[in-house]
Amino acid sequence: KQEVTQIPAALSVPEGENLVLNCSFTDSAIYNLQWFRQDPGKGLTSLLLIQSSQREQTSGRLNASLDKSSGRSTLYIAASQPGDSATYLCAVLSDMRFGAGTRLTVKP
Amino acid sequence: GAGVSQTPSNKVTEKGKYVELRCDPISGHTALYWYRQSLGQGPEFLIYFQGTGAADDSGLPNDRFFAVRPEGSVSTLKIQRTERGDSAVYLCASSPDPAGELFFGEGSRLTVL
């Protein structure tokens, strides 16, 4: 059974810092991986989708990479802003499994 | 519609009652998923529909939970004899194809007193 782990569980950084969020999975035979953002009391907003044939995707200040052989994906956020404060979740779509998320706080 | 719509947004019920939660996916999306999310946790998979049929219902916790999607569009999650432990946010997502990009609704928050 696919297990998805996100470390750290919580992260607090000052505004302007670049940061990396980690997502690891136990079964490397994955198809697609998707990163989401969730604000308190809200649904999930899609950030980036990485298909199995891709190694990375970029959108604005966000860059997500995928290394299936090592069972890892990372979400890189450049020049963090207070508005980036939220919980970030990764999901292995072929297994319909989510990590528990990383709660990010960016302090002004 | 423009996005995934879930109703009701909030439901408070008493232990032992029957509850229905509705999901209206993005038009044309063949895949539909139900998840349950407890505070501080990631979404927990419940059931996946491809068209009208349940392709994977391995996440349903017990036989009190049931879901249907009779015409391949709107889906209803049904919970019988609700228990306090069923309290959670129930999330619905749709996708244009299996294992494709997921689009989520805002969720239905269920509170069982």
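Below, the structure is looked at part by part. (Residues numbered from 1 in each chain as written. Chains lettered and ligands numbered in written order. Predicted model: local features only at pLDDT ≥ 70, side-chain atom pairs only at ≥ 80, totals over all residues. Heavy atoms only, no water.)

### Here we look at the overall build of chain A
If you tally the helices and strands in chain A, you get zero helices and eleven strands. Each helix (α) and strand (β) of chain A, taken in turn from the N terminus, gives the series β-β-β-β-β-β-β-β-β-β-β. The C-alpha radius of gyration computed for chain A amounts to 13 Å, which stays within 12% of the reference 13 Å derived for 108 residues, consistent with globular compactness. Put simply, chain A has 108 residues, and 44% of those count as buried. The contacts of chain A with a sequence gap of at least 6 include a subset with a gap of at least 24, amounting to 55%. For chain A, the accessible area works out to roughly 5100 Å², and carbon and sulfur atoms hold 47% of it. Positive and negative side-chain charges in chain A, numbering 10 and 9 respectively, have mean positions lying 4 Å apart. (Helix = DSSP H or I, 4+ residues; strand = E, 2+ residues; numbered from the N terminus. Rg over C-alpha atoms; globule rule 2.2 N^0.38 Å. Buried < 20%, exposed > 50% of the residue type's maximum accessible area, 1.4 Å probe, protein only. Contact = heavy atoms within 4.5 Å. Areas by Shrake-Rupley, 256 points an atom, 1.4 Å probe, with all protein chains shown as cover. Lys, Arg positive; Asp, Glu negative; His and termini not counted. Charge placed at Lys NZ, Arg CZ, Asp CG, Glu CD.)

### A closer look at the pattern of salt bridges
Side chains bearing opposite charge may pair, as long as their charged atoms lie close to each other. The full count for this structure, using the stated rule, is six salt bridges over all chains. A salt bridge links D84 of chain A to R61 of chain A; the shortest N-O distance between them is 2.8 Å. One end of the pair, D84 of chain A, is in the loop between strand 8 (72-77) and strand 9 (86-92); the other, R61 of chain A, is in the loop between strand 6 (56-59) and strand 7 (62-67), with 23 residues separating them in the sequence. Its salt-bridge partner being R36 of chain B, residue E44 of chain B comes within 3.4 Å of it at the nearest N-O pair. Residue class for E44 of chain B comes out partly exposed when judged on its relative accessible area of 37%. Classification of R36 of chain B by relative accessible area gives buried; the value is 12%. Where salt bridges share partners, they join R64, E83 and D86 of chain B into one cluster. (Salt bridge = Lys/Arg side-chain N within 4 Å of Asp/Glu carboxyl O.)

### Describing the interface of chain B and chain A
Each partner contributes residues to the interface: chain B has 20 residues there, and chain A has 19 residues. Each partner contributes to the roughly 1400 Å² buried at the junction of chain B and chain A, and carbon and sulfur atoms together form 59% of this total. Our count for the chain B to chain A interface comes out at zero salt bridges. At the boundary of chain B and chain A, one finds six residue pairs in polar contact (both at pLDDT 80 or more). Its residues assigned to classes, the side of chain B that touches chain A shows ten nonpolar, six polar and four charged. (Buried area = accessible area lost by both parts, 1.4 Å probe. Polar contact = N/O pair within 3.5 Å; in protein donor to acceptor, adjacent residues only side chain to side chain. Nonpolar A, V, L, I, M, F, W, Y, C, P; charged D, E, K, R; others polar.)

### Here's the deal with the state of the cysteines
All names here are of chain A. Taken as a whole and judged by the stated rule, the model has two disulfides over all chains. Shown here is the disulfide that connects C23 with C90, its sulfur atoms set 2.0 Å apart. Note on the C23 and C90 pair: the S-S dihedral is about 80°, so by sign convention the disulfide is right-handed. One end of the pair, C23, is in strand 3 (residues 19-25); the other, C90, is in strand 9, with 67 residues separating them in the sequence. Taken as a pair, C23 and C90 share a single burial class, namely buried. (Disulfide = S-S within 2.5 Å.)

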